[in-house]
Amino acid sequence: MSDLQAAAKKAVGEHVASMISSGMTLGVGTGSTAAMAIEALGHRIREEGLQVKGVATSFAAERLARQHGIQLSTLDETPDLDLAFDGADEVDPAFVLIKGRGAAQTREKIVASRARQFIVLVDESKIVDELGHRMPLPVEVVPMAVTPVMQVLHALGATVEIRMGMKKDGPVVSDQGMWIVDAMFNGISNPEHVNDMLLKTPGVVDHGLFIGLATTVLVGRSDGSVQVLDRPTA
Ligand code: 5RP
């Protein structure tokens, strides 16, 4: 990550941390931008004694939140969240997202769906006119179904590959024990159709298209400023 990108991520992390008040229940996102928000929130907890409860979207987020003094909860205990924050890989003009570079999209979507406000934290490079030209769509799959699911994705026009581990032989294994198939489309012109096709395919656990969930997008700029975009009305 360049220094300029790090400054933009820090700016949105600090901005969302400033939107949080004592007593709030939170969804705690995964990735380098969400990490900036966790760090900024940890700072407020230490300095101001802010009391919050967070539901983490991954093992990674859970560990980081704990390190920064965020009290952790579960959806069993705290099924309704005031605010969730998370990064994204791409954001389109209708606030549809691609997420899942960190393979956490299934838990991220569950947590986002329980939040009254879902705040997406990005830098300018993530804003696109149409999804799926630059980033693959991650699809979480039950391992025995990987070939049939790849056939479905192929029929939808994607080039597919199983995500492989780093410093581990074989596929990436998600926090749920599943595999991730990365589907590279030549643009996703109809995200709802891709969503419907995937969700009716046996063996697909979930995928990284987030439709109708984001309420606000915070766009960080390298000069440290933040643009606040609210969901366009339909
Ligand atoms: C993890 C995610 C991340 O939030 C997304 O990939 C953005 O990551 P970063 O903030 O590091 O660019 O969806 O599954």
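Cut-offs applied
- Residues numbered from 1 in each chain as written.
- Predicted model: local features only at pLDDT ≥ 70, side-chain atom pairs only at ≥ 80, totals over all residues.
- Heavy atoms only, no water.
- Helix = DSSP H or I, 4+ residues; strand = E, 2+ residues; numbered from the N terminus.
- Rg over C-alpha atoms; globule rule 2.2 N^0.38 Å.
- Buried < 20%, exposed > 50% of the residue type's maximum accessible area, 1.4 Å probe, protein only.
- Contact = heavy atoms within 4.5 Å.
- Salt bridge = Lys/Arg side-chain N within 4 Å of Asp/Glu carboxyl O.
- Pairing = 2+ DSSP bridges.
- Axes fitted to C-alpha atoms, helices over the stretch in contact; angles between N-to-C directions.
- Polar contact = N/O pair within 3.5 Å; in protein donor to acceptor, adjacent residues only side chain to side chain.

For the rest of this paragraph, the subject is the overall build of the chain. Check the secondary structure of the chain and you find six helices and 14 strands. Relative to the 2.2 N^0.38 estimate, which gives 17 Å for 234 residues, the radius of gyration of the chain is 17 Å and therefore close to what a compact globule would have. Counting only residues that meet the buried cut, the chain has 50% of its 234 residues in that class. Expressed as a percentage of contacts within the chain between residues at least 6 apart in sequence, the contacts between residues at least 24 apart total 74%.

What follows deals with the pattern of salt bridges. Taken as a whole, this structure holds 11 salt bridges when the rule is applied. Residue lysine 99 is joined to glutamate 108 by a salt bridge in which the shortest nitrogen-to-oxygen separation is 3.1 Å. According to the relative accessible area criterion, glutamate 108 is buried, its value standing at 4%. Residues arginine 163 and aspartate 182 are paired through a salt bridge, measuring 2.8 Å at the closest nitrogen-oxygen approach. A residue pair is termed long-range when its members are at least 10 positions apart, and arginine 163 in the loop between β9 (159-162) and β10 (179-184) and aspartate 182 in strand β10 qualify at 19 residues.

Below, the discussion takes up the sheet that holds strand β1 (residues 25-28). Taken in spatial order, the seven strands line up as β3-β2-β1-β4-β7-β13-β14 in an open sheet, and their pairing is mixed. Among the strands making up the open sheet, the edge pair consists of β3 (71-73) and β14 (226-230). Adjacent strand axes in the sheet meet at a mean angle of 25°, parallel and antiparallel pairs treated alike. Packed onto the sheet, helix α2 (residues 32-48) meets β1, β4 (81-87) and β7 (115-123) and runs at close to 130° relative to β4.

You can see lysine 99 is positioned in the loop between β6 (97-98) and α4 (105-113). The residues contacting lysine 99, other than those within four sequence positions of it, are Asp86, Gly87, Ala88, Asp89, Gln105, Glu108, Pro138, Gly208 and Phe210. A distance of 3.1 Å separates polar atoms of two side chains, one belonging to lysine 99 and the other to glutamate 108.

The next thing to look at is the sheet that holds β9. The sheet built from four strands is open, its strands ordered β9-β10-β8-β11 with antiparallel pairing. What marks the edges here is a single partner per strand, and that holds for β9 and β11 (204-207). Neighbouring strand axes in the sheet, compared pairwise and without regard to direction, differ in orientation by 25° on average. Note that strand β8 (residues 137-141) and β11 share three bridges and pair antiparallel. By the bridge assignment for β11, valine 141 is matched with valine 204. Sheet strands touched by α4: β8, β10 and β11. Its angle to β11, the strand with the most contacts, is close to 70°.

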